[in-house]
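# Understanding the architecture of this molecule
Now for the letters of each chain:
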Amino acid sequence: MIKSKVVLRFPASVVEQPFIYTLIKEYNIIANILKANINPRKEGNMVVELKAAESDFKAGIEFLQERGVMVLPLERQIVWWEDRCTQCGFCTAICPTDALWMERPKMTVSFCSEKCIVCEQCLKACPARAMEALYQAEE
Amino acid sequence: MSQLRSIKEINEKISKGQAVVATAEEVLSIVAEQGVEEAARRVDVVTTGTFGPMCSSGAFLNLGHTTPRMRMTKVYLNGVNAYAGIAAVDVYLGATEIPETDPANTNFPGDFNYGGAHVIEDLVAGKKVRLEALSYGTNCYPRRKLETYITLDDINEAYLFNPRNCYQNYNVAVNLSERTIYTYMGILKPELGNATYSSAGQLSPLLNDPYYRTIGVGTKIFLGGGIGYVAWQGTQHNPCVQRSANGVPREGAGTLALIGDLKQMKAKYLRGVSFLGYGVSMQVGVGIPIPILDVETMRYATVKDEDIVAQVVDYGEAYPQGSGGSLGEVTYAELKSGKIIVQGREVPTAPLSSYPKALEIAQLLKHWIEKGEFTLAEPVATLPSADSSIKMHKLTEKGGNTND
Ligand code: SF4
Ligand code: SF4
């Protein structure tokens, strides 16, 4: 069994085809849609968790790719909503890598995503809830 | 002490757009260059600011009358209970109130994602807020149930009334215990893993006027982005603590009760915040102008971070148990450097109160005064000061009947 979260990107030309139905019916893949942004005749995106036997999983992915659907691995990313951040500075003692850091003595807080190891400790430590984990496609 | 100017004279200069104003940070270099006496002659007003979590905050709201009328006895705003034990459609919405459905700390540490402070922030941001009210019904107020939406614009009066803001100095929190603890001073890692503090230091209003010589009842202030006033000394106002030679308290001391029109305020200066495992609080922006009436006022207003000390307190044991004292003193300059030494160990520090936002508020207040948009108000009464012999009472448990 394989269980994996992926991002499916549908070009506008194929967006109206019943891909998920086919995955379930023809390839025995259990597809759990986590997030979808699908509109008629526009490029669409879907975050989906796929669960299947390894051979079915591979065949299903090939089927999607042959029909022009891009299948991208999913990456968790931490985002800093700067306009929600009150610049309190509390997170700088919680973040283990200095991804959230303070310029002293100005005491202004910034976020450096390259240093972030996605430990998620800041998510609930930030009193203003300015940190969020988002799922994004790895390009 | 010879007076240099009166508040009336300052206001005349303000209305002509001629007042000389400096923030409590800028005034440090002015005094360093020109000396305190010359600086006092040149500068009319020093502006201070602070933007920290202030739990003792809340708002009085008059929701307006429905037809038929209702004497509301239980009121929920976005599910958060507002105190309705006053007149028919008056309520007090406390910043730290959480919905009755919030699991709080049953799943420790609780998230506390939404509470009274967030409702206030939502109202100020112009959002629709769900109102549910219940009543027992009376002859004059027959209605028993109401479900609707309100916005800040369509209710009557709405004013912030904060019983305790602007703490003059505060503890530095550490944790000597072996487990992580979740407090109103943030997450404290075990065995001196970190230290937190909550004061704007040299920018903080009451640290720049340590004996409340200019800040009193009726002082006009910046509150949450609008105009407010000092209403009274705050709860737990404790001016008689030990002070340094410069007059600055060495621990938490004076506090202010503040009032101001919520309809003038801005959500960016009034923020709901969630302390993991502790609860909801409100980050309140306050700016207070200090009129430079004499050289002495200027001397107090030029206090520097290195001249303000705070006590390091163990929140693992000593604070919750109300036992034991300070683990030592550190200055705000040390706290702002990012590390302090406690019991011979280097401990990383982090603030809970935003210095950049405090500075932004002091600068904004300065601009308001320079542009003639904000004049100063003469206090109508002084606050109890170091000579007041105020003592904080402890609550002791007593047995027996109340009528004994
Ligand atoms: S704890 Fe949150 S609000 Fe405070 S500085 Fe960090 S990201 Fe900003
Ligand atoms: S997820 Fe971890 S590493 Fe990334 S910013 Fe938050 S605390 Fe720092």
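Parameters at a glance
Residues numbered from 1 in each chain as written. Chains lettered and ligands numbered in written order. Predicted model: local features only at pLDDT ≥ 70, side-chain atom pairs only at ≥ 80, totals over all residues. Heavy atoms only, no water. Domains from an automatic or database assignment. Buried < 20%, exposed > 50% of the residue type's maximum accessible area, 1.4 Å probe, protein only. Helix = DSSP H or I, 4+ residues; strand = E, 2+ residues; numbered from the N terminus. Arc of directions from axis to C-beta. Contact = heavy atoms within 4.5 Å. Pairing = 2+ DSSP bridges. Axes fitted to C-alpha atoms, helices over the stretch in contact; angles between N-to-C directions. Near = heavy atom within 4 Å. Nonpolar A, V, L, I, M, F, W, Y, C, P; charged D, E, K, R; others polar. Buried area = accessible area lost by both parts, 1.4 Å probe. Salt bridge = Lys/Arg side-chain N within 4 Å of Asp/Glu carboxyl O. Polar contact = N/O pair within 3.5 Å; in protein donor to acceptor, adjacent residues only side chain to side chain.

## Quick notes on the domain arrangement of chain A
Under the domain assignment, chain A is made up of domain 1 (2-73) and domain 2 (77-135). In this structure, domain 1 of chain A and domain 2 of chain A have C-alpha centres spaced 34 Å apart.

## Description of helix H1 (residues 19-27) of chain A
Residue and element names in this part refer to chain A. Turning to H1, its buried residues are Phe19, Ile20, Thr22, Leu23 and Tyr27. Projection of H1 onto a plane perpendicular to its axis shows the buried side chains occupying an angular sector of 160 degrees, all on one side. With respect to the buried face of H1, the exposed residues turned more than 90 degrees away are Tyr21 and Lys25. Elements in contact with the buried residues of H1: strand E1 (2-10), strand E2 (30-37), strand E3 (44-52) and helix H2 (54-66). Downstream of H1 by a residue or two, Asn28 has a phi angle that is positive, lying close to 55 degrees.

## Describing the sheet that holds strand E9 (residues 145-150) of chain B
All names here are of chain B. Taken together, the 4 strands give an open sheet; going across it, the order is E6-E5-E8-E9, and neighbouring strands pair in antiparallel fashion. Each of the sheet's edge strands pairs with one partner strand only, and the pair in question is strand E6 (80-82) and E9. On average, each strand axis in the sheet is tilted by 25 degrees relative to the strand beside it, whichever way the strands run. In this sheet, strand E8 (residues 129-134) lies alongside strand E5 (residues 74-77) in antiparallel orientation, the contact comprising 4 bridges. In the strand pairing of E8, Leu77 is matched with Leu131.

## With respect to the site of ligand 2
Residues in contact with ligand 2 amount to 13 residues; listed here are only the nearest, Cys95, Cys116, Cys119, Glu120 and Cys122 of chain A. Taken together, the residues of the shell around ligand 2 sort by class into 11 nonpolar, 1 polar and 1 charged.

## Description of the interface of chain A and chain B
On the side of chain B, 31 residues touch chain A, which itself brings 23 residues to the contact. The junction of chain A with chain B conceals about 1900 Å² of combined surface from both sides, 57% of it contributed by carbon and sulfur atoms. Among the residues chain A hides against chain B, the three largest losses belong to Thr86, Phe90 and Pro127 of chain A. Together they make up 28% of the total. Between chain A and chain B we count 2 salt bridges in total. The partner of Lys124 of chain A in a salt bridge is Asp111 of chain B, and the shortest N-O contact between them spans 3.3 Å. Where chain A packs against chain B, one counts 11 residue pairs in polar contact (both at pLDDT 80 or more). Residue composition of the side of chain A that touches chain B, grouped by class: 12 nonpolar, 5 polar and 6 charged.

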